[in-house]
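Report on the structure
Chain by chain, the residues:
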Amino acid sequence: MDEQIKIGKTEFKVTNLDKIYWPDEGYTKGDMIKYYYEIANYMLPYLKNRPESLNRFPNGIKGPSFYQKNVGDTLPKWLKKEKIYSESNDEYINYLVCNDKATLVYMANLGCIEINPWCSTIKYLDKPDYLVIDLDPEDISFDKVIETARAVKEVLDKAKCDGYCKTSGATGLHIYVPLNHKYEYEIAREFAKVIASHVHDLLPGFTSMERSPKKRQKKVYLDYLQNSRGQTLAAPYSLRPKPKATVSTPLEWKELKTKFTPQDFTIKTIQKRLKKKGDLFKGVLGKGVNVEKCLKNLNS
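All figures in this text were calculated on a predicted structure; none of them were measured in a lab.

1. Let's talk about the environment of Arg150
Within the secondary structure, Arg150 is located in helix H3 (residues 142–159). Residue class for Arg150 comes out partly exposed when judged on its relative accessible area of 42%. Each residue touching Arg150, except ones within four places of it in the same chain, is listed here: Leu256 and Lys257. Within the local environment of Arg150, its side chain forms a polar contact with the backbone oxygen of Leu256, the two atoms lying 2.7 Å apart.

2. Some points on unusual backbone geometry
With a phi close to 55°, Lys160 is a non-glycine residue in the positive phi region. Following the sequence through the fold, Lys160 ends up in the loop between H3 and strand S11 (164–167).

3. A short note on H3
Look at H3: 26 Å from first C-alpha to last across 18 residues, which is about the 26 Å you get at 1.5 Å a residue. Listed in full, the buried residues belonging to H3 are Phe142, Val145, Ile146, Thr148, Ala149, Ala151, Val152, Val155, Leu156 and Ala159. For H3, the secondary structure elements touched by its buried residues are strand S10 (130–138), strand S12 (173–178), helix H4 (185–202), strand S13 (207–208), strand S14 (219–223) and helix H6 (291–299). Count one or two residues on from H3 and you reach Lys160, which has phi positive near 55°.

4. Remarks on the side chain of Asp134
Summarising the element assignment, Asp134 is placed in strand S10. Of the side chains with opposite charge, Arg240 lies nearest to the buried Asp134, which makes no salt bridge, at 7.8 Å. For Asp134, the contacting residues outside a window of four places in its chain are Leu173, His174, Tyr221, Leu222, Asp223, Gln226 and Leu233.

5. Quick look at the packing of aromatic side chains
Enumeration according to the criterion identifies 16 aromatic pairs in this entry. Seen in terms of ring centroids, Tyr164 and Phe281 are 6.2 Å apart; in terms of plane orientation they differ by 75°. Their pairing is edge-to-face. Taken together, the residues span a long stretch of sequence, with Tyr164 in strand S11 and Phe281 in the loop between helix H5 (270–277) and H6 at a distance of 117 residues. Taken together, the ring pairs in this structure connect Tyr42, Tyr46, Tyr130, Tyr164, Tyr176, Tyr237 and Phe281 into an aromatic cluster. Sitting over the ring of Tyr37, Lys101 keeps its end group 4.2 Å from the ring centre. Lys144 extends its terminal NZ or CZ atom over the ring of Phe206, reaching a point 4.6 Å from the ring centre.

How each quantity is defined
- Residues numbered from 1 in each chain as written.
- Predicted model: local features only at pLDDT ≥ 70, side-chain atom pairs only at ≥ 80, totals over all residues.
- Heavy atoms only, no water.
- Helix = DSSP H or I, 4+ residues; strand = E, 2+ residues; numbered from the N terminus.
- Buried < 20%, exposed > 50% of the residue type's maximum accessible area, 1.4 Å probe, protein only.
- Contact = heavy atoms within 4.5 Å.
- Polar contact = N/O pair within 3.5 Å; in protein donor to acceptor, adjacent residues only side chain to side chain.
- Expected span 1.5 Å × (residues − 1).
- Lys, Arg positive; Asp, Glu negative; His and termini not counted.
- Salt bridge = Lys/Arg side-chain N within 4 Å of Asp/Glu carboxyl O.
- Phe/Tyr/Trp six-rings, centres within 6.5 Å; stacked < 30°, edge-to-face > 60°.
- Lys NZ or Arg CZ within 6 Å of the ring centre and 35° of its normal.

Structure (structure tokens):
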């Protein structure tokens, strides 16, 4: 089933709305498109003016998927694109930029279950708005991920450093520190490494900074290497191609003292939560921390 829709002044066709995307739950592509239409006002601040890496699942979560960075010149002219030079490919790549609800819905229509923006905007490509520490468990319980996140909070508190936590929507947690494009990626990455090192010192038994999965079995990986130009993570409020149609959901730090799993936050539960708590992630796009002062506090 296809449908011609109009969002603002933009009109386009959405296709295969009845195609099943989550077989176990019976959720369709149309359900996904409706979700992104309804969540757009919360989500767009974290997408605006950022290059997008398109993670496309044209046949749902159990079908083949592929990443697409270069959208070429074939997309409708109303979509915003940004030409960015890629050193690894030695060529310019046309990235899609999502600044409005119509573009977000268009991306969903392409089969983008997951929305993956850069950490930096097209105006400051080399200076991220935030750093990220990805707590990624390797065959270890989610309780240990929560314990690790609490340790990150302990380190951030000592550094007098703002931090914001969200579920990955899969098995881990993401912790963001606002930087407000004041520092280049290398500094962001090194600061993230310092934070991760302090956390590992607090919890040496079940955390790891080893990149190889074989070397971090039954550990929570403290991944600070996401802080590089062009690296992406699922955006706040992004769906994930996982059972139940989980959503990458911002948390209050006090929620880490309660029993929950990432599977509690789904396409069916997120709107009720937002009505109750609002957008808990706003501070990520705030004025940003002073890295030098934070490091001094950590070393005092």
